[in-house]
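# Architecture at a glance
Given next are the chains, with one letter for each unit.
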Amino acid sequence: MSTSARRLRVGIVGGGFMGRVHGRSALVAGAQVVGAIGSSPERAGAAADATGAERGFADLDELLAADIDVVHVCTPNDTHLPVTLAALEAGKHVVCEKPLATSVQDAAGLHAAALEAERVGVVPFVYRYHPMVRELRTRIAEGEAGVITSLHGSYLQDWLAGEDDQNWRVDDEAGGPSRTFADIGSHWCDLTEFVTGDRIAAISAQLRTVRARRGGAEVRTEDLATAQFRTEAGVVGTIVVSQVAAGRKNRLYLEVSGTESSFGFDQEDPDRLWVGRRAASQLLTRDPATLSPPAARVNRLPAGHAQGYQDAFDSFVADSYAAVRGDRPDGLPDFAAGARSARLIDAVLRSAAADSAWITVENS
Ligand code: SOE
């Protein structure tokens, strides 16, 4: 039976926090979560429990041999390349966690491989799926900002603030050469380019590792990054990203300043959008009665019923499965977005290594 007619069958690689989130969204989208694998055959049962899968599989070969349409890759970053390539070669569609790969070459290679295999490849830049983000994007496209003058904001977390806080992302082998910028700066840049339709053309960055040793081991990835940039349209901007900012949990904030209107979006308060004007600024709420059609398309609940991270993820996965069935949903972040993100991460690393020199971002 073709994928357009039958209930999609999916497999999940990885049973950590992200595997759990993907599993829930897959079930909400009506898929059958056929199986999951963990970091070892012994972890198969735990991975199945975490993701809501029907059963655990011992390893990737066994999972890929099963009758599944889509593979969700939710493992440490250094495994994204081999797991995704194997899944594409086995004819599966792939939802791969970000960063898509740990180098520009590998991310571009995965994008090319998905195109060649004629499979859907998507990356969960899920903040695109907050209705108020779509509202912001629509209003900018309609010219409500006037001339966009600057783009600024931050993405702050504190879960790695302690000197012994550990995670595989800290390790440059498992996580890749950039940690904080690749993990969360990537989201901020994707969101900014998504809502403005403009792209970062050049960037000057600095990195700082505050916790130079964790658990006795040397740390080679950054705890925080700051950058200034300019876009193809000539807009200037700044960003601060940190995983050592006490009190901030997952606070992505983006402000778009314009001559007619400015906009502020806070991922921890995603049902609201600040619209600033010289007179009569407004705090818009996610009320389906007033949302623009693109925002209403990703809305999930009636007014007054708070929506959040998992809802955005649910909408992303629903769109990903629609793409597998042959649709082309607007704003779906595909492997091109993953490869684009890898170029930005690479530019940040190169700039920081060259004493914050301006680096032109390769915009293919
Ligand atoms: C951890 O920093 C993390 O889970 C990221 O990997 C996600 O992409 C982000 O959405 C929340 O924080």
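Residues numbered from 1 in each chain as written. Predicted model: local features only at pLDDT ≥ 70, side-chain atom pairs only at ≥ 80, totals over all residues.

As recorded by an unreviewed UniProt entry, the chain carries the name Gfo/Idh/MocA family oxidoreductase and is attributed to Kribbella turkmenica.

### Brief notes about the overall build of the chain
A count of helices and strands for the chain gives 11 helices and 17 strands. Against the globule reference of 21 Å for 364 residues, the chain gives a C-alpha radius of gyration of 20 Å, in line with a compact fold. In the chain, which comprises 364 residues, the proportion classed as buried is 49%. Expressed as a percentage of contacts within the chain between residues at least 6 apart in sequence, the contacts between residues at least 24 apart total 67%. (Helix = DSSP H or I, 4+ residues; strand = E, 2+ residues; numbered from the N terminus. Rg over C-alpha atoms; globule rule 2.2 N^0.38 Å. Buried ≥ 20, exposed ≤ 12 C-beta atoms within 10 Å, placed from the backbone. Contact = placed C-beta atoms within 7 Å.)

### Side note on the UniProt feature "domain: Gfo/Idh/MocA-like oxidoreductase N-terminal" (unreviewed entry) in the chain
The UniProt record annotates "domain: Gfo/Idh/MocA-like oxidoreductase N-terminal" (unreviewed entry) at residues 8-120. The distance from the first to the last C-alpha atom of residues 8-120 is 13 Å, and the span holds 44% helix and 19% strand. (UniProt positions renumbered as here; feature names shortened; annotations may be inferred.)

### A few points about the site of the ligand
Taken together, Gln157, Asp183, Ile184, His187 and Asn250 form the complete shell of residues around the ligand. Class assignment for the residues of the shell around the ligand results in one nonpolar, three polar and one charged. (Near = placed C-beta within 6 Å. Nonpolar A, V, L, I, M, F, W, Y, C, P; charged D, E, K, R; others polar.)

### Re the pairing of strand 15 (residues 272-276)
Where strand 14 (residues 262-266) meets strand 15, three bridges bridge the pair, whose relative direction is antiparallel. Bridging across to strand 15, serine 262 finds its partner in glycine 276. Hairpin connection between strand 14 and strand 15: a loop of five residues separates the two successive antiparallel strands. Of the strand pairs in this sheet, strand 15 and strand 16 (residues 282-285) are connected by four bridges, and their pairing is antiparallel. The residue bridging tryptophan 274 from the neighbouring strand is leucine 283, located in strand 16. (Pairing = 2+ DSSP bridges.)

### Focus on the nonpolar core
Membership of the largest hydrophobic core comes to 101 residues, with the highest contact counts inside it found for Val10, Val13, Leu100, Trp188, Ile203 and Val348. Top contributing element to this core by residue count: helix 11 (residues 335-353), with 10 residues. There are two domains that each give this core at least three residues, and those are domain 1 (3-126) and domain 2 (130-304 + 334-353). Residues in contact with leucine 100, not counting those within four places in the same chain, are His80, Ala107, Leu110, Val123, Phe335, Gly338, Ala339, Ser341 and Ala342. (Core = buried A, V, L, I, M, F, W, Y, C linked by C-beta atoms within 7 Å. Domains from an automatic or database assignment.)

### Considering the pairing of strand 7 (residues 148-156)
Relative to strand 13 (residues 251-258), strand 7 is paired through eight bridges, and the arrangement is antiparallel. The residue of strand 13 that forms the bridge with serine 154 is tyrosine 253. Pairing geometry for strand 7 and strand 12 (residues 236-242), over seven bridges, is parallel. Along strand 12, the bridge assignment pairs leucine 151 with glycine 237.

### Digging into the domain arrangement of the chain
Once the domains are mapped, the chain shows domain 1 (3-126) and domain 2 (130-304 + 334-353). Its C-alpha centre places domain 1 at a distance of 25 Å from the equivalent point of domain 2. Breaking the side of domain 1 that touches domain 2 down by element, the ones donating at least two residues are helix 5 (104-117) and strand 6 (121-122). Looking at the side of domain 1 that touches domain 2 element by element, the count peaks at six residues for helix 5. Split into classes, the residues belonging to the side of domain 1 that touches domain 2 amount to 12 nonpolar, five polar and two charged.

### Overview of the sheet that holds strand 5 (residues 93-96)
The six strands are arranged 3-2-1-4-5-6 in an open sheet whose pairing can be described as parallel. The two strands at the open ends of the sheet, each matched to only one other strand, are strand 3 (55-56) and strand 6. Relative to strand 4 (residues 70-73), strand 1 (residues 9-13) is paired through four bridges, and the arrangement is parallel. Paired with valine 10 across the bridge in strand 4 is valine 70.

### Quick word on the UniProt feature "domain: GFO/IDH/MocA-like oxidoreductase" (unreviewed entry) in the chain
As annotated by UniProt and renumbered to match this structure, "domain: GFO/IDH/MocA-like oxidoreductase" (unreviewed entry) occupies residues 133-262. Here residues 133-262 runs as 23% helix and 35% strand, with 14 Å between its end C-alpha atoms.

### Brief notes about unusual backbone geometry
Backbone torsion omega between lysine 98 and proline 99 reads -5°, so that peptide bond is classified as cis. Mapping proline 99 onto the fold places it in the loop between strand 5 and helix 5. Of note, the phi angle at aspartate 355 is positive, near 55°, even though the residue is not glycine. Along the polypeptide, aspartate 355 turns up in the loop between helix 11 and strand 17 (359-360). For aspartate 355, a count of 8 C-beta atoms within 10 Å puts it in the exposed group. Notably, serine 356 is not glycine yet its phi reads approximately 65°, a positive angle. Within the secondary structure, serine 356 sits in the loop between helix 11 and strand 17. Looking at serine 356, the number of C-beta atoms within 10 Å reads 16, which means it is partly exposed.

### Considering the environment of serine 341
With respect to the secondary-structure elements, serine 341 resides in helix 11. The contact partners of serine 341, leaving out residues within four places of it in the chain, are Lys98, Pro99, Leu100, Ser186, Cys189 and Asp190.

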